[in-house]
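Residues per chain, in single letters:
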There are 2 protein chains.
Amino acid sequence: MFVDKLIEKIKEKKNPTVVGLDPRINLVPNYIKEKHYNQQQDKIKAETKAILEYNKIIIDTIKDIVPCIKPQIAFYEAYGIEGLKVFKETVEYGKDNGLIIIADIKRGDIGSTAEAYAKAYFAGGFVDLDSVTVSPYLGEDSIIPFTDFCSQDKGVFILDKTSNKSSKDLQDLEIISTDKENKIYHVMGHLINKWGSSYIGRYGYSSVGAVVGATYPEEMKSLRRIMDKAFFLVPGYGAQGGSAEDVVDAFNDDGLGAVINSSRGIIGAYQKKEYQSKYSEKEFYLAIREAALNMRDDINKELKKCKKLAW
Amino acid sequence: MFVDKLIEKIKEKKNPTVVGLDPRINLVPNYIKEKHYNQQQDKIKAETKAILEYNKIIIDTIKDIVPCIKPQIAFYEAYGIEGLKVFKETVEYGKDNGLIIIADIKRGDIGSTAEAYAKAYFAGGFVDLDSVTVSPYLGEDSIIPFTDFCSQDKGVFILDKTSNKSSKDLQDLEIISTDKENKIYHVMGHLINKWGSSYIGRYGYSSVGAVVGATYPEEMKSLRRIMDKAFFLVPGYGAQGGSAEDVVDAFNDDGLGAVINSSRGIIGAYQKKEYQSKYSEKEFYLAIREAALNMRDDINKELKKCKKLAW
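Residues numbered from 1 in each chain as written. Chains lettered and ligands numbered in written order. Predicted model: local features only at pLDDT ≥ 70, side-chain atom pairs only at ≥ 80, totals over all residues.

A.B. asks: Help me understand the relation of the copies chain A and chain B, please; the structure alone is not making it clear to me.
C.D. replies: Both copies of the chain are related by a screw-like operation: a rotation about an axis and a shift along it. Turning chain A through 180 degrees and shifting it by 0.0 Å along the axis lays it on chain B, with an RMSD of 0.0 Å. Such a combination of turn and shift is consistent with a two-fold rotation axis. When C-alpha distances to the rotation axis are compared across chain A, the minimum falls at A:Ile175, with a value of 1.9 Å. Interface residue correspondence from chain A to chain B reaches 100%, placing this contact among same-surface, isologous pairings. (Least-squares fit on C-alpha atoms with pLDDT ≥ 70 in both. Contact = placed C-beta atoms within 7 Å.)

This is the structure in structure tokens:
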């Protein structure tokens with residue numbers, strides 16, 4: 001079961017966090033970019049090669065302390081074919097280094113098309129990923145082709161209450177219901193429970209999880225109550241404004257049930273004042289490691305205070 | 001304006017339809033597949049090359065009678081890098097042959113990530129498309145990075161009421177509202193109006209359109225009332241069960257406002273009994289042409305009866 005592997009990896013590293021690999025080119029250290037601009041006339045090739053080198057250094061830097069990475073495919077798609085090659089190489093390098101991959105792809109389409117996407121990402125058509133995010137606007141028949149793969153050790157995180165400001169436009173609408181918790185994200189929570197009920201692993205969690213943003217702590221509490229078995233993928237910590245206090249209620253009382261993501265906050269740490277004074281640009285990876293350790297310790301401290309540590 | 005170009009192309013061809021290029025390998029004629037299996041040891045390369053040849057023959061066959069094509073990217077992504085190369089080549093071949101491209105990508109992500117996707121599909125990062133479909137689960141900030149490109153002659157079709165069976169799971173939920181038309185797809189209709197209001201072209205239509213399935217004619221009528229300026233992209237005609245009678249209310253009284261898609265029903269026509277008796281496998285393109293003409297005539301006949309012909 002995917003979720004069991006995820007939990008075991010979190011326990012092994014004593015760290016319920018994930019590093020988002022969203023490689024905007026302005027996050028890549030200049031010395032790496034310049035090297036590739038000098039080696040390659042083609043700008044796309046130079047930048048994608050620079051991104052791959054950057055990603056590999058990040059993976060080398062955090063692989064002993066972090067359980068998973070979350071590459072956001074949009075930043076690779078933005079470079080077309082060359083970018084997607086780097087996405088694949090990054091994923092494979094991460095897997096080879098023992099990291100669990102949560103690919104942020106947010107695909108969502110009707111049945112037979114969803115099957116094509118699932119083939120692309122779970123059956124090696126394009127890559128062979130551990131888990132992906134999917135978008136639920138089209139309902140159950142857009143989800144099942146992905147969750148069907150949970151019986152083959154794959155995991156699915158379904159968007160529920162996302163971290164962005166305008167998540168309210170649709171997700172916060174109140175439906176006519178006898179249930180007091182009547183927002184769309186509540187309804188989605190119940191659906192995610194249903195879709196995940198056949199894939200419960202040995203620790204009581206499902207391989208069908210939910211994306212719940214750190215930026216809405218109250219909403220998160222209500223979703224934790226509704227979905228006691230879903231693993232939460234929590235974006236929005238760090239650069240987007242979520243704190244350890246904001247994310248602690250994503251966890252159950254057993255100290256499990258969530259993995260907290262930070263992207264820019266970790267991979268761009270060396271550009272922040274607090275690290276710039278300590279590390280040179282060529283030591284950017286030391287800033288990344290320190291930021292990743294700080295995030296781990298920050299969340300573990302809060303977890304110990306409010307829930308318990310599962311390790 | 002994208003929508004003006006679309007309308008002019010529809011008027012020029014006297015045909016408000018779009019052919020969906022969803023190249024499942026079992027739709028590709030055997031003689032094409034066998035040729036490429038013989039030329040290529042690598043299965044992926046053979047199949048993607050077969051698909052490209054098939055797509056090009058389809059485009060050659062319909063380019064004088066149909067205004068647009070709608071490639072569904074999932075079927076290309078399912079083949080990874082080789083498939084995505086064929087997606088790009090197909091799109092470029094279609095554009096070179098004067099067809100408007102509606103790429104069915106259904107992307108949807110938070111602000112800065114949506115910008116990366118828009119860069120990929122509208123600014124040539126990956127390809128340079130005329131229009132795309134997007135998914136609205138994340139709300140306005142996931143949409144604006146795409147609609148911003150409408151000022152640069154691009155078009156966006158936002159999922160509203162989709163053609164699949166489980167579209168009801170989310171899209172049909174009733175929200176608390178003083179409005180009697182209180183389903184999620186109604187709410188989305190009003191949002192699509194708002195997002196499209198700055199991009200109205202010379203015929204009174206917006207470059208921000210809506211995806212509304214042919215399989216729900218009553219829902220379509222109510223959405224046509226709510227969104228008088230949005231162009232509807234209508235999947236679900238043909239293979240999915242929608243008839244000309246079902247789709248006619250996607251049009252306004254001026255005979256404009258919708259483009260009706262058929263995918264398998266056209267590109268797989270030669271596999272249907274009615275065409276198999278007339279055409280050999282190597283004449284599959286004649287079956288495709290006849291099916292495309294039949295679709296055009298079927299819809300125009302109904303339009304003439306219930307609305308008017310705009311040409």
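Moving on from the coordinates now.
A.B. asks: What's the story with the sheet that holds strand β6 (residues 206–212) of chain B in this structure? I'm lost.
C.D. replies: Hydrogen bonds between backbone atoms are what pair the strands of a sheet, whose relative direction is either parallel or antiparallel. Residue and element names in this part refer to chain B. In spatial order, the strands read β1-β2-β3-β4-β5-β6-β7-β8; together these eight strands close into a barrel with parallel pairing. Going across the sheet, the axis of each strand differs from the next one's by a mean of 30 degrees, ignoring polarity. When strand β5 (residues 155–161) meets β6, the two strands line up parallel, connected through five bridges. When the sheet's bridge partners are listed, phenylalanine 157 is paired in β6 with glycine 209. Together, β1 (17–21) and β8 (258–262) form the strand contacts of helix α14 (residues 284–306), whose direction differs from that of β1 by roughly 145 degrees. (Pairing = 2+ DSSP bridges. Helix = DSSP H or I, 4+ residues; strand = E, 2+ residues; numbered from the N terminus. Axes fitted to C-alpha atoms, helices over the stretch in contact; angles between N-to-C directions.)

A.B. asks: Any chance you could explain the nonpolar core here in plain terms?
C.D. replies: Across soluble globular proteins, nonpolar side chains have a tendency to be buried as a group. Ranked by internal contacts, the top residues of the largest apolar core, which has 213 residues, are A:Tyr121, A:Val234, A:Ile288, B:Tyr121, B:Val234 and B:Ile288. The residues contacting A:Ile288, other than those within four sequence positions of it, are A:Ile58, A:Thr61, A:Ile62, A:Ile266, A:Ile267, A:Ala269 and A:Tyr270. (Core = buried A, V, L, I, M, F, W, Y, C linked by C-beta atoms within 7 Å. Buried ≥ 20, exposed ≤ 12 C-beta atoms within 10 Å, placed from the backbone.)

A.B. asks: Mind showing me how you'd approach the sheet that holds strand β2 (residues 68–71) of chain A here?
C.D. replies: Residues and elements named next belong to chain A. Pairing within the closed barrel is parallel, and its eight strands lie in the order β1-β2-β3-β4-β5-β6-β7-β8. If you compare each strand with its neighbour and ignore which way they point, the axes differ by 30 degrees on average. One ladder, built from four bridges, connects strand β1 (residues 17–21) with β2; its direction is parallel. Within β2, the position partnered with valine 18 by the bridge is cysteine 68. Helix α9 (residues 184–196) contacts β5 (155–161), β6 (206–212) and β7 (230–234) of the sheet and is inclined by roughly 165 degrees relative to β6.

A.B. asks: Help me understand the pairing of β5(B), please; the structure alone is not making it clear to me.
C.D. replies: Looking down a regular strand, the side chains alternate between one sheet face and the other. Residue and element names in this part refer to chain B. The buried count for β5 comes to seven of seven residues, which makes it a mostly enclosed element. Bridge count between strand β4 (residues 131–134) and β5: four bridges; the pairing is parallel. The residue bridging serine 131 from the neighbouring strand is glycine 155, located in β5. With respect to chirality, the unit in which β4 leads through helix α7 (residues 140–147) into the neighbouring parallel β5 is right-handed. (Right-handed = clockwise from strand over helix to strand, strands pointing away.)

A.B. asks: Help me understand the interface of chain A and chain B, please; the structure alone is not making it clear to me.
C.D. replies: Interfaces are often described in size by the accessible area the parts lose on coming together. The partner chain B presents 46 residues to the 46 residues of chain A that form the contact. Mapped onto the side of chain A that touches chain B, the elements with two or more residues apiece are α4 (74–77), α5 (80–96), α6 (111–122), α7 (140–147), α8 (168–171) and α9 of chain A. With six residues, α6(A) is the largest single contributor of residues to the side of chain A that touches chain B. Across the side of chain A that touches chain B, the residue classes tally to 22 nonpolar, 13 polar and eleven charged. (Nonpolar A, V, L, I, M, F, W, Y, C, P; charged D, E, K, R; others polar.)

A.B. asks: Would you explain helix α9 (residues 184–196) of chain B in this entry?
C.D. replies: Residue pairs three or four apart in sequence face the same way in an α-helix, which turns once every 3.6 residues. All names here are of chain B. For α9, which comprises 13 residues, the first-to-last C-alpha distance of 18 Å matches the rise-based estimate of 18 Å (1.5 Å per residue) to within 8%. For α9, the tally of buried residues reaches ten of 13 residues, placing the bulk of the element in the interior. Along α9, the positions that sit buried rather than exposed are Ile184, Tyr185, His186, Val187, Met188, Gly189, Leu191, Ile192, Trp195 and Gly196. (Expected span 1.5 Å × (residues − 1).)

A.B. asks: Whenever I open this one, the packing of α5(A) against helix α5 (residues 80–96) of chain B confuses me. Can you help?
C.D. replies: When two helices pack together, you describe them by how their axes are tilted relative to each other and by the distance separating the axes. Axis separation between α5(A) and α5(B) bottoms out at 10 Å; the angle between their running directions is 165 degrees. As the angle between them shows, α5(A) and α5(B) are arranged roughly antiparallel. In the packing of α5(A) onto α5(B), the handedness of the crossing is right-handed. From α5(A), A:Ile81, A:Leu84 and A:Lys85 reach across to α5(B), where they touch B:Ile81, B:Leu84 and B:Lys85. Its residues assigned to classes, the contact of α5(A) with α5(B) shows four nonpolar, no polar and two charged. (Parallel < 35°, antiparallel > 145°, perpendicular 65-115°, else oblique. Left-handed = near helix turned anticlockwise from the far one by under 90°.)

A.B. asks: I would appreciate a short explanation of the packing of helix α3 (residues 43–62) of chain B against α14(B) in the present structure.
C.D. replies: Residue and element names in this part refer to chain B. The interhelical angle for the contact between α3 and α14, taken along N-to-C directions, is 45 degrees, at an axis separation of 9 Å. The angle between the axes of α3 and α14 places the two elements in the oblique class. Judged by the twist between their axes, the crossing of α3 over α14 is right-handed. Within the contact between the two elements, α3 uses Ile57, Ile58, Thr61 and Ile62 and α14 uses Tyr285, Ile288, Arg289 and Ala292. Residues that form the contact of α3 with α14 fall into these classes: six nonpolar, one polar and one charged.

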